[in-house]
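Here's the letter readout for the chains.
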Amino acid sequence: MSEDFDADWTQLAGEVLSAIKEWRLQHPKATLTEIETVLDQRWAVARAKFMQDMALASEPLTSERPPRAASVPIVATPYSRADCTSVK
């Protein structure tokens, strides 16, 4: 990704933070639900821009098959019978 992305994303993130701070100052008695809603709305716009920029910066697919999602290894935690307790 280019340095242009860094500058654009930094500016966009700063604008979002500024808007959230301004909204909060104007709504000092907002509930947590209201704050969460505003945060989600503001960051959704930034997220969409980030996703668009990243998608457009990718090489086009040469195959008709979509790329596979990276697999996440599942780590099993060994335990002994003594770790299990029964509820009576």
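Thresholds applied
Residues numbered from 1 in each chain as written. Predicted model: local features only at pLDDT ≥ 70, side-chain atom pairs only at ≥ 80, totals over all residues. Heavy atoms only, no water. Phe/Tyr/Trp six-rings, centres within 6.5 Å; stacked < 30°, edge-to-face > 60°. Helix = DSSP H or I, 4+ residues; strand = E, 2+ residues; numbered from the N terminus. Buried < 20%, exposed > 50% of the residue type's maximum accessible area, 1.4 Å probe, protein only. Expected span 1.5 Å × (residues − 1). Contact = heavy atoms within 4.5 Å.

Draft legend 1. Quick peek at the packing of aromatic side chains. Evaluated as defined, the whole model comprises one aromatic pair. With a centroid separation of 5.2 Å and an interplanar angle of 65 degrees, the aromatic rings of W9 and F50 are classed as edge-to-face. Separated by 41 residues along the polypeptide, W9 in helix α1 (residues 3-26) and F50 in helix α2 (residues 32-57) bring together distant segments of the chain. We classify W9 as buried; its relative accessible area is 19%.

Draft legend 2. Layout of α2. Under the 1.5 Å per step criterion, the end-to-end length of α2 is 37 Å for 26 residues, consistent within 8% with the ideal 38 Å. Buried residues of α2: I35, V38, A46 and D53, and no others.

Draft legend 3. Structural view of the environment of I35. With respect to the secondary-structure elements, I35 resides in helix α2. The sequence separation of I35 and R24 amounts to 11 residues, and the corresponding C-alpha distance is 7.8 Å. Aside from chain neighbours lying at most four places away, what touches I35 is W23, R24 and A30.

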